[in-house]
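Descriptive analysis of the structure
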Amino acid sequence: MQEIAPRVYIETSYAGVTLGAINWSHGLILIDAPFRPEDARSWRSALLNLGGGVDRMLVNLDGHFDRTLGSRLLDCTVIGHEKLVQIFRSRPVTLKAQMAETGSEWEVQPISGSVRWQPPEITFTDRLQVHWDEQQSLILEAHFGPNPAAIWAVIPGEKVVFVGDALTPHQPPFLANANLPLWLESLQLLLSDKYREYIFVSGRGGLATAAEVHWQIRYLEKTQQLLEELAASHAGAEETEKLVKPLLAGIEVTPENQMIYRQRLSFGLKQYYTRHYASARSESGESSA
């Protein structure tokens, strides 16, 4: 566990996403959850050493399986965007990891069986301010780029912002449920004066720099350009497979992550293209080549 600001901690050693913990006078505010039961037990044990107030609250930065599978294991009140409720309602209660194909971290872990999803008890639409300390507060803001339920957790008093999967440096982003124009807009906001001197916490990999925000912008712009060129040629969604290789270029792909990165892009590009381009052509009466 690393203290990145007074009473603000992150943990990057567990499979899945970057975890956060804010140790304020009223209690702990947790950012996302580990998805493996043994990691959840270890994380809860580590949190006991922080002391603080008796109450706990968990913030889900979006609805991704990697950060929500273990929410119930932390046994605390959950806060998230209101769209999280719809996401959980549409999910199956049984996981079949051997059939998964999204390129998520949980898919390469020995997890199967039934899952009791933990929908948020507290939801919001655009912005929510949480007062759990006498001197400062946590602000939750909707930023829908990477996911329809994506939010940021901002601590203005310590100049810290948890941005979830808005930043995925050194690995391909999750595109299946994304909105690239909104995503790029939110990343430009990170580079504005509003977030000058802030500490950026990526949802995967921990601390991130302004240089990595610029990298993310360039990567998403390249992705958008390739998809638009494909759409201009009236290609079918299966043609997005041709984009995987150029989008892996420039990313360090080790033997351990080669399969998951390729699958993440393959799945994400096809889903994104189908929703944003192929469906739009179908609705306008055009036919695919």
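No experiment lies behind these values; they were computed from the predicted model shown.

Definitions and cut-offs
- Residues numbered from 1 in each chain as written.
- Predicted model: local features only at pLDDT ≥ 70, side-chain atom pairs only at ≥ 80, totals over all residues.
- Heavy atoms only, no water.
- Helix = DSSP H or I, 4+ residues; strand = E, 2+ residues; numbered from the N terminus.
- Buried < 20%, exposed > 50% of the residue type's maximum accessible area, 1.4 Å probe, protein only.
- Contact = heavy atoms within 4.5 Å.
- Pairing = 2+ DSSP bridges.
- Axes fitted to C-alpha atoms, helices over the stretch in contact; angles between N-to-C directions.
- Core = buried A, V, L, I, M, F, W, Y, C linked by side-chain atoms within 4.5 Å.

This paragraph deals with the overall build of the protein. Across its full length, the protein carries seven helices and 15 strands. The principal-axis extent of the C-alpha atoms belonging to the protein is close to 60 × 45 × 40 Å. Sorting the 289 residues of the protein into buried and exposed places 54% on the buried side. When contacts within the protein are restricted to residue pairs at least 6 apart in sequence, those whose partners lie at least 24 apart make up 66%.

With that out of the way, let us pick up the sheet that holds strand β4 (residues 27-31). The strand order across the open sheet formed by seven strands is β1-β2-β3-β4-β5-β6-β9, and the pairing between neighbours is mixed. The sheet terminates laterally at β1 (2-5) and β9 (122-124), the two strands that pair on one side only. For this sheet, the mean angle separating the axes of adjacent strands, direction not counted, is 25 degrees. Strand direction decides the pairing type here: β1 and strand β2 (residues 8-11), joined by three bridges, are antiparallel. Counted as the bridge partner of E3 is Y9 from β2.

Next up on the list: the pairing of strand β3 (residues 19-24). If a strand is regular, its side chains alternate between the two faces of the sheet. When you tally the buried positions in β3, you get six out of six residues, the bulk of the element. Residues L19, A21 and N23 point to one face of β3 and G20, I22 and W24 to the other, with burial holding for every one of them. The pairing of β3 with β4 spans five bridges and is classified as antiparallel. Across the sheet, residue I22 finds its bridge partner in β4, namely I29. Counting the residues that bridge the hairpin from β3 to β4 gives two residues.

Okay, the sheet that holds strand β10 (residues 127-130) next. Within a sheet, neighbouring strands are paired by backbone hydrogen bonds and run either parallel or antiparallel to one another. Pairing is mixed across the open sheet formed by six strands, whose spatial order is β10-β11-β12-β13-β14-β15. Strand pairing shows two members of the sheet lacking a second neighbour, β10 and β15 (206-208), which therefore form its edges. In this sheet, neighbouring strand axes are inclined to one another by 25 degrees on average, regardless of whether the strands run parallel or antiparallel. Sheet analysis places strand β13 (residues 160-164) next to strand β14 (residues 199-202), joined by four bridges and oriented parallel.

Once that is clear, we can look at the nonpolar core. Core analysis: the biggest nonpolar cluster contains 41 residues, and V161, L190, F200 and Y273 have the highest contact counts within it. Elements supplying a minimum of two residues to this core: β12 (151-155), β13, α4 (180-190), α5 (210-232), α6 (244-248) and α7 (258-283). Of all hydrophobic cores here, the second largest spans 23 residues; its members include I4, V8, I10 and I155.

Distances and angles like these do not, on their own, reveal function.
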